Each structure stands twice: as C-alpha cells, then as structure tokens.
Amino acid sequence: MKQLFLEFILMAIFIIISGTYLSKFGDIIADKSGLGQAFIGGILIAMATSLPELVTSISSALVGAPDIAVGNAFGSNTFNLVILAFADLLQGKGPLLLRVNYSHILSGLVGVLLSALVVFSLILSHFMNFNLSIFGVGVDSITLLITYIISVRMIYRYDQKNPLDPDDPVKEDPNPDYTLNKALMGFAICAVVIVFSGYRLTITADQISTLTGIDQSFIGSIMVAAATSLPELVATISAIKIGAYNMAVGNVFGSNIFNMTVIFFADLFYRQGVLLQDAKIVHILTATVGIVMATIILIGLFYRSRRSFMWMGWDAIAAAAVYFAGVYLLFQLGLNVI
C-alpha cells in the first residue's frame, strides 16, 4: 500500500513539474507565434495546463475506470475554481474580481453550460435509461466537443472586438533566448512525460481504490483531480505575481472549458460501453458543486463588491466554502459506495 501511495505522489510530482514547464513553453509559443493575449490565457495556456487531465482521463478510460475519467474532469474544474480563492488571498487587499475584465463572464458561462450538459446527460442515462451513441461514442460527448468548438470561436471573436484593458501589464518573454522551435521541442518533451506519468497515475489510483475500498468517484474527483490541476495552480500564481490578473482568471475559466472536452476524448477510448452511461450518478454532485462555485464567482465578477474579509472578497470565500463542503460530501459518499 505504501508503495502505491509513493508511486502516486511521484507521478503527481512529475505531472506538476512537467505541467509547469508545459505552461511556460506554451506561453513562449503563443508570444513567438504572434497570438493574442486572449489566446495565451484563455485557450493555449489553458489547453497546455489541462493536458494532464486529458491524458489521465484517457488512461482511465483505457483501463476501464470511467469514474476516475469523469471524476477527474469535474474534480479538476472545482479545484481550479478554488484556485481563484487562493489567488484572491495572494493578490493583496480587496477582491481579485475587481481587477479583471467583464469579458471573463462569457467564458465562465460557457463552462457552466458544458457542465450542465453533462449533468443533463447523466440524468437521462441513469433515470430515464436514454442513451444514443455513434460508433460507440455517446452523442452527449460529441455534443460537448461541438459546443466547445463553437464557444472557443465565439470567445475568440468577442476578445478580438473587446480587447482587455490597456492598463493590464504586457507579459514579457521570460526566456528571450528561446526560439519558437526550441519552445515547441520543450513542449513536446513535457507532453511525453505527462503522458507516461498520467497513465501510471491512473493505474495507481485504480489500485488504491480497489485496495482501500474508497469509491473511484472520490479518487478521481479529489486525489487525481488535485494532482492534475496543480499546473493550473502554478500558472495562476505566476500570473498573479506579475500582476496579470486577466491572464490568471482567463487560464482558470479556459481550463474548465477544455476539461469538459476531456470527457469526449475519454469516451472515444472507452471500449466497454458509453462513458457517461457507465459513470456513477454521484458525479452530479461534483458537477453541481462546480456549477454553484462558478455561478458565485460570476455573480461576484458582475456585481463587483468592494467588501472583503481577511483580504479576500466574499465571493471567493463563499466559493471556497462550497468546495470544501462538496469534498466532505463526496468523501462520505466514497466511503459508503463500494
């Protein structure tokens, strides 16, 4: 048992280090290729930091662990949102959301929409026994991918028409000596390390679930999700340190949007059936926690209250409280569902 936990921790460390450098190389690629700030924070870096979730969920699907695959996607979303609460604490006095652009409301709402679509699918599958698939891939998963593609195009066009505030600091290239080709090579190497580590992390998590009797839903939603979301944590903290608040918030919302497409790719590699049909209904709890947290943050972003407590905005405090309540409930369910 100790060996399994040690391997889990070691693979998590590999993912953290590789994910951090992956984010760094993705940032350099975005700058060197001339892509805009919206693409850097909300799309390219979000996709880069979400690669661990993608690899881990696909690996889970390959080994026949649908609950780890789905739980990882939803758990990562909730963990990413609680990162904003931590970022609010780090950035100093006053709410973080006072310092960011209204345009993040659009990407936040898209994330809520995608999560709601999965909840709707889980309800249809488990309570109405209604499922449609094409070549073994659920129509619900395909709908997620199509919605993601349309949404990304819409977000990109909106950001082109409504650029971020000119007062936002322009992030300098942290490695001016890097060429685009070097950054692409570094990105590829980090991706390979993440593929290997993510696969081993999934195998280890599945074995821990079997030996301890703790449900895969909890393992995937909390343990695996926290490990694969640490690159987002590092990227967000780095953005906060240089005052790039829009970059930090854009990375979190962008990652949450991309994480929902992870379900499609996991379904594509899941050969025992349809992914969301075989996943447990308990994932509705994790999804709902994420939706509630995102809604609280979006309300805070729109309302822009200046009130704070212990340097944190009340929206961040409320979102963090919902997260920890959800973790407790999911842990209790995980102990009772074997």
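The model shown is predicted, which means the values in this text are computed figures rather than measured ones.

Visitor: Which parts of the structure should I look at to understand the packing of aromatic side chains?
Guide: Here a ring pair, both rings aromatic, is described through the centre-centre distance and the interplanar angle of the planes. Tallied over the full model, the rule gives five aromatic pairs. Between the aromatic rings of Tyr 323 and Phe 324, the centroid separation amounts to 5.3 Å while the plane-to-plane angle is 75°, which identifies the pairing as edge-to-face. On the basis of relative accessibility, which here comes to 54%, the residue Phe 324 falls in the exposed class. Through successive ring pairs, a cluster of aromatic residues spans Phe 79, Tyr 323 and Phe 324.

Visitor: Hey, could you run me through the nonpolar core in this one?
Guide: Soluble globular proteins tend to bury their nonpolar side chains together. If you look at the biggest cluster of nonpolar residues, it comprises 73 residues, and the most contacted ones within it are Val 118 and Ile 263. Residue contributions to this core peak at 12 residues, all from helix H9 (residues 245-269). Residues contacting Val 118, with those up to four places away along its chain left out, are Phe 74, Leu 144, Met 260, Ile 263 and Leu 276. In terms of nonpolar packing, the next biggest core, distinct from the first, is built from 13 residues, Ala 65, Ile 208, Ile 219 and Val 224 among them.

Visitor: Is there a simple way to think about the confidence of the model for the chain in this case?
Guide: When pLDDT is low, close inspection of the predicted coordinates is not appropriate. For the chain, the average pLDDT comes to 80, and 85% of its residues sit at 70 or higher. Note that pLDDT drops below 50 for residues 165-169; the model gives that stretch five contacts with residues more than four away or on any other chain.

Visitor: Quick question: what am I supposed to make of the pattern of salt bridges here?
Guide: Where charged atoms from two side chains of opposite charge approach closely, those side chains can pair. In the structure shown here, the tally under the stated rule is two salt bridges. Across the pair Glu 7 and Arg 200 runs a salt bridge, and its minimum N-O distance is 2.8 Å. One end of the pair, Glu 7, is in helix H1 (residues 2-32); the other, Arg 200, is in helix H7 (residues 180-212), with 193 residues separating them in the sequence. A salt bridge links Lys 280 to Asp 67, with the nearest nitrogen and oxygen atoms 3.1 Å apart. On the criterion of sequence distance, the pair formed by Lys 280 in the loop between helix H10 (275-278) and helix H11 (283-303) and Asp 67 in helix H4 (residues 66-90) is long-range, its members being 213 residues apart. With relative accessibility at 31%, the residue Lys 280 sits in the partly exposed group. A residue is classified by how much of its surface remains accessible, and Asp 67, at 3% relative accessible area, is buried.

Calculation rules
Residues numbered from 1 in each chain as written. Predicted model: local features only at pLDDT ≥ 70, side-chain atom pairs only at ≥ 80, totals over all residues. Heavy atoms only, no water. Phe/Tyr/Trp six-rings, centres within 6.5 Å; stacked < 30°, edge-to-face > 60°. Buried < 20%, exposed > 50% of the residue type's maximum accessible area, 1.4 Å probe, protein only. Core = buried A, V, L, I, M, F, W, Y, C linked by side-chain atoms within 4.5 Å. Helix = DSSP H or I, 4+ residues; strand = E, 2+ residues; numbered from the N terminus. Contact = heavy atoms within 4.5 Å. pLDDT = per-residue confidence, 0-100. Salt bridge = Lys/Arg side-chain N within 4 Å of Asp/Glu carboxyl O.

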